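Examination of the molecular architecture
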Amino acid sequence: MPEDICNNIKELQNRITRACKSAGRDANEITLVAVSKTKPVEDIKTAYGCGQIHFGENRAKELQDKMDDYENEDIQWHMVGNLQTNKIKYMVERVNWIHSIEKSKYLREIEKRASRIDRVINTLIQINISGEEQKSGCEPKDLKEILEYAQGLDHVRVRGLMGMATFVDPEEVEKVRPEFKMLKEIRDEHQSYESENVQLDELSMGMTNDMEIAIQEGSTMLRVGRAIFGERNY
Ligand SMILES: *Cc1c(COP(=O)(O)O)cnc(C)c1O
């Protein structure tokens, strides 16, 4: 059965509205990033057709291919997966947001490439909130140095922090709450590093299984794949 993408988005928006209401928040504070990884460009076009503007991918090559295949000035493209320095050059030509900065060397490369084409890229610093060794993101103690570095850049704007919670079974989802709480606390502790191009307003946290908890804990950007496009085969 094909996924009814528009219906899924509508139901997701209801889920967001309900979660915001119960958390005493305004649903307009939340940006929904539709994570289309492994799904065809046709699905992105369908979602755009029903009003979805923000799309996320976790692999540079796939993001590149989709930005090439579907040129649409209204779409905001988000890179949410691990970075490699050599992929940044092409990425900055069209990407609008990069959620996965874990080292200042990536900021340096974005600045270098974006300055040549006079673009400014929105970035989020990814923090390892799950504490797992192999998980991506910088350690909280490294954030200070990255933000100080970012303050001196002209073609990078830091907009906030991103975190990926531990993967747990849906019925155990409460377990991730402390990780989201921690991301918000880290943000609050670093607000003194804000400057003209460093703001920490955005918290990118929450996916299909844990979005309600993320909203309760202050998320402003949800990265949702399966609830929109259906299960992934790989
Ligand atoms: C795949 C992915 C998501 C979306 O996960 P779902 O469980 O499909 O909602 C969010 N963020 C990142 C970084 C991802 O790789």
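See the structure above.
Residue indices follow the written sequence of each chain, beginning from 1 at its first position. In keeping with the model being predicted, local features are shown solely for residues with a pLDDT of at least 70 and side-chain atom pairs are shown and tallied solely at 80 or more, while totals for entire chains, interfaces and linings include all residues. Side-chain numbers come from the whole structure's heavy atoms, not from hydrogens or water.

**What about the pairing of strand E2 (residues 54-57)?**
Only protein chains enter the accessibility calculation, which uses a 1.4 Å probe; a residue is then buried when its area is under 20% of its type maximum, exposed when over 50%, and partly exposed in between. A run of H or I in DSSP becomes a helix once it reaches four residues, and a run of E becomes a strand once it reaches two; helices and strands are each numbered from the N terminus. Side chains His54 and Gly56 project from E2 onto one buried face, and the interleaved Phe55 and Glu57 project onto a second face that is buried too. As defined by bridge partners, strand E1 (residues 31-35) adjoins E2 across three bridges and the pair is classed as parallel. Within E2, the residue paired with Val35 across the bridge is Gly56. The handedness of the E1 to E2 crossover, carried by helix H2 (residues 41-49), is right-handed. Two elements, E2 and strand E3 (residues 76-79), share four bridges in a ladder whose sense is parallel. Note that in E3 the partner of Glu57 across the bridge is Met79. Whether two strands pair comes down to DSSP finding at least two bridges between them. Handedness is read with the strands pointing away from the viewer; a crossover is right-handed when the path from the first strand over the helix to the second is clockwise.

**Here we look at the site of the ligand**
A single heavy atom is enough: if one lies within 4 Å of a molecule or strand, its residue is considered near that molecule or strand. In the neighbourhood of the ligand, the contacting residues comprise Val35, Lys37, Asn58, Val80, Met164, Met207, Thr208, Arg223, Val224, Gly225, Arg226 and Arg232. The contact in question runs from an oxygen atom of the ligand to an N or O atom on the side chain of Thr208, over 2.5 Å. Computed with the Shrake-Rupley method and a 1.4 Å probe, the accessible areas treat only the protein chains shown as cover for residues. Summarising the interface, the protein chains cover 95% of the accessible area of the ligand, which totals 390 Å² for the free molecule. Cavity and pocket criteria rest on a 1 Å grid covering protein atoms alone: a 1.4 Å probe that fits but cannot get out defines a cavity, protein on both sides within 12 Å along at least 5 of 7 lines defines an open pocket, and an atom within 4 Å of a point defines a lining residue. To be counted as sitting in a cavity or pocket, a molecule needs more than half of its atoms within 2 Å of that site's grid points. When atom positions are compared with the pocket grids, the ligand is found to occupy the largest pocket. Residue type decides the class: Asp, Glu, Lys and Arg count as charged, Ala, Val, Leu, Ile, Met, Phe, Trp, Tyr, Cys and Pro as nonpolar, and the leftover types, Gly among them, as polar. Across the shell around the ligand, the residue classes break down as five nonpolar, three polar and four charged. Pairing of N or O atoms within 3.5 Å defines a polar contact, subject to two protein rules: one partner must be a possible hydrogen donor and the other a possible acceptor, and residues neighboring in sequence count only if both atoms are side-chain atoms.

**Re unusual backbone geometry**
For Thr38, which is not glycine, the phi dihedral falls at a positive 70 degrees. Within the secondary structure layout, Thr38 lies in the loop between E1 and H2. Phi is positive for Asp118, close to 55 degrees, though the residue is something other than glycine. Structurally, the position occupied by Asp118 is in the loop between helix H5 (104-116) and strand E5 (121-127). Judged by relative accessible area, Asp118 falls into the exposed class, the value being 64%.

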